[in-house]
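So you can see what is in the structure, the chains are spelled out below.
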Amino acid sequence: MEHYITFPNVSPDIFSVTLFGFTIAPKWYAMAYIMGIIIGWFIAVQAVKRVQLWDKDGPAMQRENIEDLVTWIVLGVVLGGRLGYVLFYKPDVYLADPISALKIWEGGMAFHGGLAGVLVAVILYCRKYKFDLWKTADMLAIATAPGLLLGRIANFINAELWGRATLSPWGVAFPGIAAQDCPIDMYHPDGICARYPSQLYEAGLEGLLLGTLVLIMAFGFGALKRKGLVTGVFFIGYGFARMFVEYFRQADEQFITADNPLGLVVRLGDTGLSMGQLLSLPMVIFGIVVLVMALKRKAA
């Protein structure tokens, strides 16, 4: 009996057809982005349609404004996500070859960079069109989780961003040389290296659980009447969820050394913080500040 889960026979391609010598193979990862944006747009539209959910001044914006904002957000995600990956995870590589930083099609995006890009895009959009920033942030907070959920599931399908080696029966035997490269004492008797399915942990915590929480707050308990309340909860929830999952997630290879097998970037004796935890800590602090400010506001 195997004491691990065999990776499912699923392709990163939704389908593949060849026409006139050209292969068309749409990816689940791209579909996750597209569906995340569509579902997020739908949630945002439903929120602004329900005037009673907001304070006396009404919703953040109108439906047509949301469609315009989506374009800004997509640009923020792509540019910020790529820039964050370059700066946070592989600065030496891209300093040596700056042109390669433009090759987005080769992969490499960072959530925290994408979040920073979205924040800049939203701030600029709200300043340009005179929309309330905190109401807009709250609207986006309830619309973001589906994209996180689908994106992490797509990471699992791609067999990427897997977790640390484990002998637990729920460990997954991911394919590939890198995934099968374990410490000698972590191999199963049949020579298989199983790893935590950390992508699914993130999907469940950051996507499903956090998304359900902020949706219930917004649509069931009138949280949108206090500007910034949902935003604060989202930042705190995501930050803590990511910091927790980092204990199961395999660190990026550039941070791993013989004397630092866990790939910690801040070390305090035998413990410390990974890059993901270090980048998530300011999110938690920011979320707490925003939450306190929101609770001090008088609900209208």
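Attention in this report is confined to the structure presented alongside it. (Residues numbered from 1 in each chain as written. Predicted model: local features only at pLDDT ≥ 70, side-chain atom pairs only at ≥ 80, totals over all residues. Heavy atoms only, no water.)

Before going further, it helps to spend a moment on helix 7 (residues 229-245). One turn of the α-helix equals 3.6 residues, which is why residues spaced by three or four share an orientation. Its 17 residues give helix 7 an end-to-end C-alpha distance of 24 Å, which sits within 8% of 24 Å, the value for a rise of 1.5 Å per residue. Burial runs high along helix 7: 14 of the 17 residues are buried. (Helix = DSSP H or I, 4+ residues; strand = E, 2+ residues; numbered from the N terminus. Expected span 1.5 Å × (residues − 1). Buried < 20%, exposed > 50% of the residue type's maximum accessible area, 1.4 Å probe, protein only.)

Contact geometry of helix 6 (residues 198-220) with helix 7 gives a least axis separation of 10 Å together with a crossing angle of 165 degrees. The orientation of helix 6 with respect to helix 7, classified from their angle, is roughly antiparallel. The handedness of the crossing between helix 6 and helix 7 is right-handed. Residues Ser 198, Tyr 201, Glu 202, Leu 205, Glu 206, Leu 210, Leu 213, Val 214 and Met 217 of helix 6 form the contact with helix 7, whose own contacting residues are Leu 229, Val 230, Val 233, Phe 234, Gly 237, Tyr 238, Ala 241, Arg 242, Phe 244 and Val 245. Here the contact of helix 6 with helix 7 is built from residues that sort into 14 nonpolar, two polar and three charged. (Axes fitted to C-alpha atoms, helices over the stretch in contact; angles between N-to-C directions. Parallel < 35°, antiparallel > 145°, perpendicular 65-115°, else oblique. Left-handed = near helix turned anticlockwise from the far one by under 90°. Contact = heavy atoms within 4.5 Å. Nonpolar A, V, L, I, M, F, W, Y, C, P; charged D, E, K, R; others polar.)

Despite not being glycine, Lys 130 shows a phi value in the positive range, around 65 degrees. As for its position among the elements, Lys 130 is in the loop between helix 4 (111-129) and helix 5 (133-157). For Lys 130, a relative accessible area of 72% gives the class exposed. Of note in this structure, Ala 159 is not a glycine but carries a positive phi near 55 degrees.

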